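# Summary of structural features
For reference, the chains in residue letters:
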Amino acid sequence: MESKLIILRGNSGSGKTTIAKCLQNHLGHGTLLVSQDVVRRDMLKVHDRDGNLSIDLIRQIAEYGKGKCEFVIVEGILNKSRYGEMLKDLIKFYNQEAYTYYFDLTFEETVIRHNSRAKKMEFGENSLRAWWNSNDYLEVQGETLFTNDMSQNDVLKQILNQLQK
């Protein structure tokens, strides 16, 4: 089986997890979703610092999916300075059969999107500002940027169209 790697990155509150879950539902059974928040916060309870344990575990889980799952989705903030090398290694591991996306939204749009979700009570604008990391592009071939003017539906359509090529 030829597996395809899908990487969804961007700032907190930009819509990555929502899109990842929609994609997993659309792509169907056996689609592996590796969420940075689940691995880092829920499974390992580690802070997002350089060299944290989640970096290697995310890589190992994503590698496990190759050849077993048609689609492997890795999603999270996945800051380039911490996760970039691992993500680039995964792209090579998947023989370049990877689709990389970055939610390139303005801070203002991210706050609007954050305030529309259930998690809005867990943290607010001050936390979003403290975590903000603009223009954190992975700078790999084919990296696609999603902007403020794209709806959730637009983003899903674009990803699904690219996967069918």
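Figured I'd write up the structure that's included with this text.

Reading the values: the criteria
- Residues numbered from 1 in each chain as written.
- Predicted model: local features only at pLDDT ≥ 70, side-chain atom pairs only at ≥ 80, totals over all residues.
- Heavy atoms only, no water.
- Core = buried A, V, L, I, M, F, W, Y, C linked by side-chain atoms within 4.5 Å.
- Buried < 20%, exposed > 50% of the residue type's maximum accessible area, 1.4 Å probe, protein only.
- Helix = DSSP H or I, 4+ residues; strand = E, 2+ residues; numbered from the N terminus.
- Contact = heavy atoms within 4.5 Å.
- Expected span 1.5 Å × (residues − 1).
- Phe/Tyr/Trp six-rings, centres within 6.5 Å; stacked < 30°, edge-to-face > 60°.
- Axes fitted to C-alpha atoms, helices over the stretch in contact; angles between N-to-C directions.
- Parallel < 35°, antiparallel > 145°, perpendicular 65-115°, else oblique.
- Left-handed = near helix turned anticlockwise from the far one by under 90°.
- Nonpolar A, V, L, I, M, F, W, Y, C, P; charged D, E, K, R; others polar.
- Polar contact = N/O pair within 3.5 Å; in protein donor to acceptor, adjacent residues only side chain to side chain.
- Salt bridge = Lys/Arg side-chain N within 4 Å of Asp/Glu carboxyl O.

### Notes on the nonpolar core
Soluble globular proteins tend to pack their nonpolar side chains together in the buried interior. Counting 21 residues, the largest nonpolar core has L5, I58, V72, V74, L87 and L90 as its most contacted members. Listing elements by their share of this core, those giving two or more residues are β1 (4–10), β2 (32–35), α3 (53–65), β3 (71–76) and α4 (80–93). The element that contributes the greatest number of residues to this core is α4, accounting for five residues. With residues up to four places along the chain from it excluded, the contact list for L90 reads L5, R59, A62, E63 and V74. The next biggest cluster of nonpolar side chains, apart from the first, holds 18 residues, and it includes I6, A20, L23 and L105.

### Some details on α3
Over its 13 residues, α3 runs 19 Å from end to end, which matches the ideal 18 Å to within 8%, given 1.5 Å per residue. Looking at the packing, one finds that the buried side of α3 touches β2, α2 (36–44), β3 and α4. Within two residues after α3, G67 carries a phi angle of roughly 85°, on the positive side.

### Considering the packing of aromatic side chains
As enumerated under the stated definition, the model contains six aromatic pairs in all. Relative to Y94, the ring of F93 lies with its centre 5.9 Å away and its plane at 70°, an arrangement referred to as edge-to-face. Judged by relative accessible area, which is 33%, F93 ranks as partly exposed. Ring centres 5.2 Å apart and planes at 65° place the aromatic pair F103 and F146 in the edge-to-face group.

### With respect to unusual backbone geometry
Positive phi outside glycine occurs at N95, with the angle close to 50°. Tracing the backbone through its elements, the reader meets N95 in the loop between α4 and β4 (98–103). The backbone of Q96 sits at a positive phi, close to 65°, despite the residue not being glycine. Position of Q96 among the secondary structure elements: in the loop between α4 and β4. Take Q96: its relative accessible area is 54%, and that puts it in the exposed class.

### Notes on the packing of α3 against α4
Where α3 meets α4, the axes come as close as 10 Å, and the angle between the chain directions of the two elements is 15°. Relative to α4, α3 is oriented roughly parallel. Between α3 and α4 lies a crossing of right-handed hand. From α3, S54, I55, I58, R59, A62 and E63 reach across to α4, where they touch R82, Y83, M86, L90 and F93. Across the contact of α3 with α4, the residue classes break down as seven nonpolar, one polar and three charged.

### A word on the environment of K4
Inspection of the secondary structure puts K4 in strand β1. If sequence neighbours within four positions are ignored, K4 has contacts with E70, F71, V72, Y94, E97, Y99 and L163. Reaching out from K4, the side chain makes a polar contact with the backbone oxygen of L163 at a distance of 2.7 Å.

### Examining the pattern of salt bridges
Applying the stated rule across the entire model yields ten salt bridges. The residue R59 makes a salt bridge to E63 at a minimum N-O spacing of 2.9 Å. Here the residue R59 and the residue E63 both occupy positions in helix α3, the gap between them amounting to four residues, near one helical turn. A residue is classified by how much of its surface remains accessible, and R59, at 22% relative accessible area, is partly exposed. Assessed through its relative accessible area of 24%, E63 is described here as partly exposed. Across the pair R113 and E109 runs a salt bridge whose closest N-O atoms are separated by 2.9 Å. With R113 and E109 both in helix α5 (residues 107–115), this residue pair falls four residues apart, about one helical turn. On the basis of relative accessible area, E109 is assigned to the buried category, the value being 18%. Shared partners join several salt bridges into a network, and the residues in it are R9, D136 and E143.

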